[in-house]
Amino acid sequence: MVLLIGLQAAPLQGAEGASQPGAEGEDKRLALFAAERTKQFGADNLLTATALLQLAEFRQVSGHDQEAEAPLTQAISILVQHHGPDHPEVAEARTKLARVKLRTGQFQAAHTLLESAATSLEKSLGADHLNTASARVNLARLLAAEPEQREIAAHLVETALPVLVKRLWPDNPRVAEAEMLLAKIRFSQGKMAEASQGVSKAQSMREHSLGPDHNLVAESLRERGRYLVAQGEFTAGDLFLRRSVEILERFNSDSTRLELAESLERLGESLLQQDRGQEAEPLFTRVLQLREKLLGKEHPTLVKILNDLALLRLSHNDFPNAKALFERSLAVTEKRLGADHLQVAFILSNLAQIELRQGHKEEAERLFERSGAAAERFFADDPLGLSDWFSRLGTLLHQDGAKEQAMVYFHRAETLLTTAYGKDHPKVVQIVQAMQTLQTLPTPAPARHATPPPLLQETKAPATLPPDLTRKTPLPELLITPTTITAIEPESLSKVTTAEMAAVPVLSVTPKPTPGVVPKTAQPTNSEPSPSTTPQEGIQHGFVIHLSCFALDSAQTQLLEEKIRALTLPVYHKAIQNGAHKFTCVFSGPYPDRSKADAAASTIQNKGGVATPLVKRYSRELP
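## Quick notes on the overall build of the protein
Each helix and strand counted, the protein has 24 helices and four strands in total. Partitioning the contacts of the protein with sequence separation of at least 6, the portion at a separation of at least 24 is 67%. Total accessible area on the protein is roughly 27,300 Å²; 54% of this is exposed by carbon and sulfur atoms.

Have a look at this one:
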């Protein structure tokens, strides 16, 4: 038994998918066989479990993941009854069920299953076993979805790699896959040198063991190109991306066609950054065609490419096609996320921009109102987040020549902040100054360059605006892997993870510290107050800043704490258990409101050198 690593691979559900000849009959045959085993041997017999696993595996391969969930769950129950919860066969079945949960968008359930599998295998087989290492990589792949969990994910891969090399061989494709995962994690953390070194190593390993024209080599080439483009090395990056496309063109399976679409999209994005929109447009068109054919016309992965194509058509003043593409994107997004999500607000703003450019003022205002209403519901209890969104919207409208509409949103941002924090709050002063500056500037002509400033994507504020008028943390993008599904759920923006909840230093109503949640390090005396000592009855609200996680007893914990303490900000660390592994995570706070937490995060980033301090809101019952 060998646990599989590639948990996020797309299901085999091409245009023909489960409708292949005999698939339906085979499903019925296996279902009947499982029913006969149940009748003959009983619902708790191991032979029944085997039949259920066969049925579930066939349904997974056929693309019927939801229908595979029930037989897998039943089989796990039987295996636990006979072998106990930590048996390797139970761990393998849980890993298969986690794959199903991922493909059906049940991220937290998949996380729990993979964590259980990794812990069980370490108990039953030991830390130096191949299956244990594979389970760690599976869990790391999932944890890499959460920014605050990425250091833990990297640690899991780093502990798994020596075991994979020892139990397999240095150039084994599974070793290369783990190296690729570690490189992607490091890239997401902004550690470019480590990421580039890792992906280059994975490419070399794959070429040596699989040959230069394998589809996995194409993946490594794509990632190398992506990292080079991210560092502004477009010529070298494009060469790797084109080589990836060239290799994948030779394959014709559904999975490699999807890989080809991703490589084409990455190349198109690079060309866009170089103001080569005319070259990017046919690539994006082909990406859309490939994904529509393989995944259907309402799949969430189509949203980004629809938006990119719409923006390109808008740059050519092709308003009808741009509008049609945005409307398709809106329909998919509303169906997936609901009408109150920020992505919906972004797309509505783009549609309003199209109407405004055509002189349809009334329709534009109606769409802007819908957009603003969606954003208001999304930021229902976060006035600073909503004001930042209105400020950015005003900035982009002014860049596009809609000065009057831009001022409306700047005024709304000012009103929100004044009501929440008072007229002397620094951000209120900045917005007022920005409005005064914009009022003295001539209205720019609407953008006509190759890539207009999209309302959908993160942009930088113009030089006339305060540099921190836009949000430090990018607003959520609509992406489609399990990684992004968690990133775009509204609740993920307002709630901390279970581990972080345990780390938040809640103040009890009585002076006696609450065991297990009081910071291990004393907070220094400074100008930033901790949460009120008279919280609302029964509940505590506030904000913390997640800085980083390290292995237990790491000297980096103390170094980071000293760095934050030198900024006269509160800091503490907390030991966090993740399965069989323990880590020390460093936090700053708690802070009573968002403005103080944002100000502290800005100080930590600009003066403390911490690349991605994450402000997290918590709301929890007091004991």
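After that view, the rundown keeps rolling.
## Things to note about the pattern of salt bridges
Any two side chains of opposite charge can pair, given that their charged atoms come close. Scanning all chains against the criterion turns up 44 salt bridges. Where Glu 179 meets Lys 201, a salt bridge forms, and the shortest distance between an N and an O atom there is 3.1 Å. Of this pair, Glu 179 sits in helix α8 (residues 173–188) while Lys 201 sits in helix α9 (residues 192–210), placing them 22 residues apart in sequence. A relative accessible area of 10% places Glu 179 in the buried class. Close ionic contact of Glu 279 with Arg 276 constitutes a salt bridge, the shortest N to O distance being 2.8 Å. Within this structure, Glu 265, Arg 266, Glu 269, Arg 291, Lys 304 and Asp 308 form a network of salt bridges that share partners.

## Overview of helix α13 (residues 277–295)
Each full turn of the α-helix corresponds to 3.6 residues, which orients residues three or four apart in the same direction. Spanning 19 residues, α13 covers 26 Å between terminal C-alpha atoms, matching the ideal 27 Å at 1.5 Å per step. Looking one or two residues past α13, Gly 296 carries a phi angle of roughly 95 degrees, positive in sign.

## Observations regarding the environment of Phe 346
Checked against the element boundaries, Phe 346 lands in helix α16 (residues 342–357). It is 9.8 Å that separates the C-alpha atoms of Phe 346 and Trp 389, two residues lying 43 residues apart in sequence.

## Regarding the nonpolar core
Counting 67 residues, the largest nonpolar core has Leu 264, Phe 284, Phe 326, Leu 342, Trp 389 and Leu 397 as its most contacted members. Per-element accounting of this core gives the leading share, nine residues, to α16. In contact with Phe 284, other than residues within four places in its own chain, are Glu 265, Gly 268, Glu 269, Leu 272, Ile 305, Asp 308, Leu 309 and Leu 312. Core analysis: the second largest hydrophobic core is formed by 58 residues, Ala 91, Ile 152, Ala 154 and Leu 164 among them.

## Remarks on unusual backbone geometry
The omega angle of the peptide bond from Gly 589 to Pro 590 is 5 degrees, so this bond is cis rather than trans. Along the chain, Pro 590 falls in strand β3 (residues 581–591). The backbone phi angle of Asp 275 is positive, close to 60 degrees, even though this residue is not glycine. With respect to the helices, strands and loops of the structure, Asp 275 is situated in the loop between α12 (254–273) and α13. With a relative accessible area of 58%, Asp 275 lands in the exposed category. Residue Thr 568 is not a glycine yet carries a positive backbone phi of 55 degrees. Mapped onto the elements, Thr 568 comes out in the loop between α23 (555–565) and β2 (571–578). Using a relative accessible area of 46% as the deciding quantity, one classes Thr 568 as partly exposed.

Thresholds applied
Residues numbered from 1 in each chain as written. Predicted model: local features only at pLDDT ≥ 70, side-chain atom pairs only at ≥ 80, totals over all residues. Heavy atoms only, no water. Helix = DSSP H or I, 4+ residues; strand = E, 2+ residues; numbered from the N terminus. Contact = heavy atoms within 4.5 Å. Areas by Shrake-Rupley, 256 points an atom, 1.4 Å probe, with all protein chains shown as cover. Salt bridge = Lys/Arg side-chain N within 4 Å of Asp/Glu carboxyl O. Buried < 20%, exposed > 50% of the residue type's maximum accessible area, 1.4 Å probe, protein only. Expected span 1.5 Å × (residues − 1). Core = buried A, V, L, I, M, F, W, Y, C linked by side-chain atoms within 4.5 Å.

Geometric descriptors of this kind do not, in isolation, establish any biological role.
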